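One-letter residues, chain by chain:
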Amino acid sequence: MTGSEFDLAFFKEQGFKRTQCPKCKRYFWSLGDWATCGEPPCEEYTFIGHSPMNQRLTLHEMREAYLSFFEENGHGRVKRYPIVARWRDDVFFTQASIYDFQPWVLNGVIEPPFNPLTISQTCVRFNDIDNVGKTGRHFTFFEMCAHHAFNKEGRFIYFKDRTVELCHRFFTERLGTDPGKMRYVEEWWEGGGNAGPCVEVILDGVEVATLVFMMYRDTPEGRKPMEMTVVDTGYGLERMTWVSQGVSSAYEAVFGPVVEWLKGLACVRPDPLVLTEYSKVAGATNMRTAADVRRIRETTAERIGIGYEELMRTVAPLEDIYVICDHSRALMLMLNDGVVPSNVREGYFARMLVRRALRSIRSLDLDIRLAEVVSRQIDHFQDIFPELRENREDILGLVQVEEDRYFETLGRGKQLVDRLVKDLREGEKLPVERLIELYDSHGLNPEIAKEFAPDRIDVPDNFYIQVAARHERPEAATEASGDRPERMPETRMLYYEDPELVEFEGTVIAEVDGGVVLDQTAFYPEGGGQEWDLGTLDGKKVCRVIKIKTAIVHFVEGENPRIGAKVRGTIDLERRQQLMRHHTAAHLINGVARTLFGNHVWQAGAHKAVDQARLDITHFENLSTEQRDLLEREVNRVVLQDRPVHIQFMQRDQAERLHGYRLYQGGAVPGKVIRVVEVEGLDAEACGGLHCSHTGMVGPVRIARTKRIQDGVVRIEYTAGMAAVAGMQADKRLVEGLGDMLNVPAEGLPEAVGRLQEELREQRKGIERLSAALNELSVKALVGSAPKVGPVRVVVHEALPGEDPEEMSKRLASVPGTVAVIGVPGERARLLVSRSSDVKLDCRKALKRMMAVMGGGGGGKPDFAQGGGGDASRLRDALAGAFEIISKEIEG
Ligand SMILES: [Zn+2]
Ligand SMILES: [Zn+2]
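Counting restarts for each chain, with residues numbered from 1 along the sequence as it is written. Following the order in which they are written, the chains are lettered starting with A and the ligands numbered starting with 1. Whole-chain, interface and lining totals are the exception, using all residues; otherwise, since this is a predicted model, local features are given only for residues with pLDDT of at least 70 and side-chain atom pairs are given and counted only at 80 or more. Think of the side-chain values as coming from all heavy atoms in the structure, minus any hydrogens and water.

Caption draft 1: Region of the structure containing the overall build of the chain. Tallying secondary structure elements over the chain gives 25 helices and 30 strands in all. The globule rule is 2.2 Å times the number of residues to the power 0.38, and the radius of gyration it is compared with is taken over C-alpha atoms. Over its C-alpha trace the chain gives a radius of gyration of 38 Å, far above what one expects of a compact globule, namely 29 Å for 892 residues. Taken along the three principal axes of its C-alpha coordinates, the chain extends 130 × 90 × 50 Å. A burial count over the chain gives 53% of its 892 residues as buried. In the chain, the share of contacts with a sequence separation of at least 24, taken over all contacts with a separation of at least 6, comes to 66%. Accessible surface is estimated by sampling points in the Shrake-Rupley manner with a 1.4 Å probe; for residues, cover comes only from the protein chains shown. Carbon and sulfur atoms make up 50% of the accessible area of the chain, which totals about 40300 Å². Secondary structure is summarised from DSSP: a helix means a run of H or I of at least four residues, a strand means a run of E of at least two, and numbering begins at the N terminus for each. Working definition: with a 1.4 Å probe on protein chains only, accessible area under 20% of the residue-type maximum means buried, over 50% means exposed, and in between means partly exposed. Residues count as neighbours in contact if any of their non-hydrogen atoms are within 4.5 Å of one another.

See below:
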């Protein structure tokens, strides 16, 4: 057997044997006499009830055992990176420890924090969400323990040999595993444009770790060796804890006190035998689809010798408990790391977790709030991740708001479902598309929709995987590309060197997209939500300035100066200063809002023009008037404190160490060096915009209004400096103008308007009284002059403006021996026929005959009918024939 990637000195010295697994045909190394590679489905779990390790560790103990072992062996211990991967623009969430170092460490832009290093990285994945709770081993939130080494030319750390040795020693020396039990399976790994050999580490049927050796990268010309080779390991913290405890499922091993508390509340005491068999069967099944989950259950039931239904009675409540545990852990960290639940982007997944967890709480019939569960998770984790202690109130507040929203949704849910189901044909089921719509647009879980219409709704087993897949990645930014050279020319950006520079000279070096590129310029281009500078180039008006890669492109009115020409530029300083004030104010508002409302506040967008500006922040509801005023006050306080604004170019890693990932308020930024704008003691952001050097220069900041522009995002419209002064003056003029109209000074306005309203009320009452009197008089006059049919008076009347026809009709019918026909003119003319109770007449029949003249319709009761429509111009004709119709009806 030659040519193995893993003919390692370590294996040879220790006496490892290389064997081919007869089942899966893969090669593996071990010290024992093993027939197969040991990985399911070649073998089943054998550790349940008999842990191969000589110690039982909790999740927290296992993490510490791991990190301290690698620390003792020369690795720097690195704090976890956030779960939201702000330093990348291609993914929302951190899904493996290597994400922390992609792309900036791997492409050589920055150095890793230590080399080699060890970390326990918090991760979330949603591609198995429907399996969580059901398989004994799937999680949305998990920790990946890892040791990484980055080998560059001239600085070799370690590669395959040392990696396998460290792994082997960790399991055998530190965790006390019998060395003969360890099996190392040879594999090949590919992902994210990289590839290399890897080994899967199998212990008693479980893959406890994967050791990847990245050494190739894919290029358009094919696969090439990497300049830097990388040791990328991943040890499942949850799995190692599970194996160490040898209990029936990973959930039982890692959910700690929270799972025990929930079991007690729900009075669930599972049979360990059932769980053990279930986990073994699940472990041996390659889990891909929901059909796999069903097969696991059937096989388990068969092996234990009970019916499927009986098995489900045991496992179903447990599955709900596990879902609550898993989702509350994931939520705790997602909210801590700055996700606000919503229906888009990262927020979508937080909302999905809340709704699924609440559904499970509901199906267990537990009388608890989700925030209570999350609070217990924080108790369990805050010593490990101290940031949880700091953000506790913020996290619980977000959960409560989201929980309340969910109950509102439930209230509307039945109506929504009824409406959709009504349109189905006999026997037809609601299409999955509609279910997804119910969930995506209305937040209604399909399982709950099914409760409203059990016969009409089937929920696909992989429902949440389907919806999660739709929201998985950020939308790729589309970059417009015009007529551009292969290599962009480079412009020296004078505005960074001296933001006060208003006159400069430059040479035209290229034309791009119809615009002029200079060797150097003081014109700030559009960017970071800040509008571009105006001014002139050789006297020609500059209308727009943009940045394309390294080039600043100026668009001028009229003909472009020719390439090679020297030009003189002038900047409109007043506009520039106003833009700087607005931009700096955005940082102040963002920083103050985060201080006031919680760490979940992030910038979600911004635009700074000359006369107005806006900042969008992530927050769960619009600001109240009090909050808006408080924000405005505190921002102006920071202005008055005249704090310095430090702007410096920093190495990316240094900036991250100093300020954390809050730097990336405007999204991920490229490059080895980033420009950091720091308002002392308040806010630091990676930002390419132009800023005031002190907060005092921002001038007054005035928040015009705030509004919720989308789920989880609040827009703050503001002005600063002279634009704020203009706004305040406009407000004053508005108030003064109103005062002039009412002839009172501004401070007298509330009283004057109050008086006006009172007068209006009085007048309205007067009009009502007059109208009643008028009706009374009209009724008397009409009855007195009405022609008779026998003893019955027949009043026929066309309503006058100001009369209330309904009221008159009623009053006339209250006079004994009276029939009243009232015509109401108008675009849609109406007829009202009423009678007193002692007259024998069917008003409906009479009305019908009168309406025949106009061609309209109507109806009512025997003593009152009304109609309308048809030809309005024939109302008078209808009234003219009314007496005759009534007399015929009465006599007949
Ligand atoms: Zn095998
Ligand atoms: Zn900025």
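Caption draft 2: Spatial organisation of the coordination of the zinc ion (ligand 1). As a rule, N, O and S atoms within 2.8 Å of a metal are its donors, except that Na, K and Ca use 3.2 Å; water is not among the atoms, so sites may look incomplete. Looking at the zinc ion (ligand 1), the protein donor atoms are Cys-21 (SG), Cys-24 (SG), Cys-37 (SG) and Cys-42 (SG), and they sit 2.3 to 2.4 Å from it. Under the classification used here, a metal with four donors is tetrahedral if each angle lies between 85 and 135 degrees, square planar if opposite donors are over 155 degrees apart and the others between 65 and 115, a six-donor metal meeting that same test is octahedral, and anything else is irregular. Classification of the site at the zinc ion (ligand 1) rests on its four donor atoms, whose angles at the metal span 100 to 116°, yielding the label tetrahedral. Here the donor residues of the zinc ion (ligand 1) share one chain and are spaced in sequence as C-x2-C-x12-C-x4-C. Of the two residues, Cys-24 is situated in the loop between strand E1 (17-20) and strand E2 (27-30) and Cys-37 in the loop between E2 and helix H2 (59-72); the sequence distance between them amounts to 13 residues.

Caption draft 3: Representation of the sheet that holds strand E18 (residues 603-608). A pair of strands is considered paired only if DSSP assigns at least 2 bridges between the two. Strands sit in the order E18-E19-E24-E23 across an open sheet of four strands; the sheet is antiparallel. Of all the strands in the sheet, just E18 and strand E23 (701-710) have a single pairing partner and so form its edges. Each neighbouring strand pair of the sheet contributes to a mean axis angle of 15°, computed without reference to strand direction. The pairing of E18 with strand E19 (residues 613-618) spans five bridges and is classified as antiparallel. Counted as the bridge partner of His-607 is Arg-614 from E19. Where helix H17 (residues 573-597) meets the sheet, it contacts E18, E19, E23 and strand E24 (713-720), and its direction lies at approximately 135° from that of E24. For helices, the fitted line uses only the C-alpha atoms of the stretch in contact; every axis is such a line through C-alpha atoms, and the angle between N-to-C directions lies from 0 to 180 degrees. Lying over the sheet, helix H18 (residues 625-640) contacts E23 and E24, oriented at roughly 135° with respect to E23.

Caption draft 4: Spotlight on the coordination of the zinc ion (ligand 2). Coordination of the zinc ion (ligand 2) by the protein involves His-583 (NE2), His-587 (NE2) and Cys-687 (SG), with metal-donor separations of 2.1 to 2.3 Å. Counting residues between consecutive donors of the zinc ion (ligand 2) along the chain gives the motif H-x3-H-x99-C. Here His-583 pairs with His-587, and both are found in helix H17, just four residues apart, close to one helical turn. Taken individually, His-583 and His-587 each receive the classification buried, so the pair is uniform in this respect.

Caption draft 5: Representation of the nonpolar core in the model. Each nonpolar core is a collection of buried residues, namely Ala, Val, Leu, Ile, Met, Phe, Trp, Tyr and Cys, held together in the definition by side-chain atoms within 4.5 Å. Phe-93, Phe-126, Phe-171, Tyr-235, Met-334, Met-352 and Leu-370 are the most contacted members of the largest nonpolar core, which has 160 residues in total. Counting residues in hydrophobic clusters, the runner-up holds 50 residues, among them Val-542, Ala-593, Leu-631 and Val-645.

Caption draft 6: Region of the structure containing the packing of aromatic side chains. Side-chain rings of Phe, Tyr and Trp (the six-membered ring for Trp) are treated as a pair once their centres are within 6.5 Å; stacked means planes under 30 degrees apart, edge-to-face means over 60, and tilted covers the remaining angles. Across all of its chains, the model carries 48 aromatic pairs by this definition. Through a chain of ring-to-ring contacts, the aromatic side chains of Phe-92, Phe-93, Phe-126, Tyr-348, Phe-349, Tyr-439, Phe-463 and Tyr-464 assemble into a single cluster. Taking NZ or CZ as reference, Arg-88 lies 4.6 Å from the ring centre of Tyr-99, over its face. Here, over-ring charges are defined by two tests on the NZ atom of lysine or the CZ atom of arginine: distance to the ring centre within 6 Å, and angle to the ring normal within 35 degrees. Across from the ring centre of Trp-34, 3.8 Å away, lies the NZ or CZ of Arg-183, which sits over that ring.

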